[in-house]
Amino acid sequence: MSPIRLERRRVLIGVGATLMAPSVVSNAVAGDLVVTPGQTEGPYYPASYPADMDADLVRVKGRAAQAVGQVTHISGRVLDKRGEIVRGAMVEIWQCDAQGIYNHPQDPGLPRRDAAFQGYGRVEVDASGRYAFRTIRPVAYAGRTPHIHFKVHAPGVGRLTTQMYVAGEPQNARDGLLRSIRDARARESVIVRLERADAVEAGALAGSFDIVLAV
Ligand SMILES: [Fe+2]
C-alpha cells in the first residue's frame with residue numbers, strides 16, 4: 001500500500017474509532033502508551049456480590065424498573081504498554097447510585113439506595129480485548145467528583161485498581177484523589193469524555209476508557 005493510502009487509512013481508522021477507542025496508531029508513533037495510574041480501592045468495593053452482576057448495571061434481573069440516572073455506555077480495551085490487547089482480562093466496575101449511595105453496608109444511605117441499580121458488574125474482555133458496560137452517568141457525592149471504580153485482573157499478566165472520571169466536571173479540579181495523580185498525561189488518561197450516543201441508545205451517553213497495564 002502506498003504511504004499516502006496508508007495514511008488515509010490511518011485517518012479513517014482514527015475517525016471511526018474516536019468515540020469508542022483512542023487510536024493505537026497515534027500512540028504507537030509516540031512510543032509506549034501511558035500506563036493507567038492506580039487509584040485506591042476506597043471503602044465501597046462490594047462486601048458481598050449481588051445476585052446479578054452482569055455488564056448491564058441499569059437493569060437488575062427480576063425487577064421491572066430501570067435504575068434512576070442517565071444511561072451511559074462505557075467501553076474500551078485492556079492493553080499492555082505496546083498497545084497489544086490483554087487476553088482473558090476480567091474488568092469489574094462499581095459506583096454509587098444516582099443519589100450518591102453505594103450498595104454497601106458502610107454507606108449510611110443504604111436504606112434509601114436505588115434497588116434498581118446494580119451498583120457492581122463484571123465482564124471478561126472479548127476476543128478483541130474489549131469490554132463494555134451499560135451503567136449510569138456517575139454522580140458526585142460528599143467530597144468526591146463523579147467517578148467509576150475499576151478493577152482489572154489479567155491472569156498471569158497483572159492487575160490494576162483505578163477510577164475513571166468524567167471530562168468537564170467542575171469538581172475534578174478539587175478532587176484529592178484525582179489530583180494525587182501528579183503526572184498530567186497519566187491524570188488525563190483516566191478522564192473520559194462522555195458524549196451523546198443516541199445511535200447506541202436514545203438519550204444515552206457513551207465514553208471510551210482504555211486501560212493500559214504496566215506490562
Ligand atoms: Fe467512590
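Scroll up for the structure.
How each quantity is defined
Residues numbered from 1 in each chain as written. Predicted model: local features only at pLDDT ≥ 70, side-chain atom pairs only at ≥ 80, totals over all residues. Heavy atoms only, no water. Donors = N, O, S within 2.8 Å, 3.2 Å for Na, K, Ca; no water. Tetrahedral: all angles 85-135°; square planar, octahedral: opposite > 155°, others 65-115°. Helix = DSSP H or I, 4+ residues; strand = E, 2+ residues; numbered from the N terminus. Buried < 20%, exposed > 50% of the residue type's maximum accessible area, 1.4 Å probe, protein only. Phe/Tyr/Trp six-rings, centres within 6.5 Å; stacked < 30°, edge-to-face > 60°. Lys NZ or Arg CZ within 6 Å of the ring centre and 35° of its normal.

What follows covers the coordination of the iron ion. Those protein atoms acting as donors to the iron ion are Tyr102 (OH), Tyr141 (OH), His147 (NE2) and His149 (NE2), and they sit at 2.0 to 2.3 Å. Coordination at the iron ion comes from 4 donor atoms whose angles at the metal span 93 to 165°, giving a geometry best classed as irregular. Motif for the iron ion, donor spacing along one chain: Y-x38-Y-x5-H-x1-H. One end of the pair, Tyr102, is in the loop between strand 2 (90–94) and strand 3 (120–124); the other, His147, is in strand 5 (residues 147–154), with 45 residues separating them in the sequence. The exposure class of His147 is buried, given its relative accessible area of 1%.

This structure, assessed with the given rule, holds 9 aromatic pairs. For the ring pair Tyr131 and Phe133, a centre distance of 5.8 Å and an interplane angle of 50° mean the geometry is tilted. For the pair shown, Tyr131 and Phe133 are each scored as buried. A ring pair is formed by Phe150 and Phe209, whose centres lie 5.0 Å apart and whose planes are at 80°; its orientation type is edge-to-face. Placement of Phe150 in strand 5 and of Phe209 in the loop between strand 9 (205–208) and strand 10 (211–212) is noted, with a sequence separation of 59 residues between them. The same class applies to Phe150 as to Phe209, namely buried. Clustering of aromatic rings is evident, with ring pairs tying together Tyr45, Tyr49, Trp94 and Tyr120. Lying across the ring of Tyr49, Arg122 places its NZ or CZ 4.8 Å from the centre.

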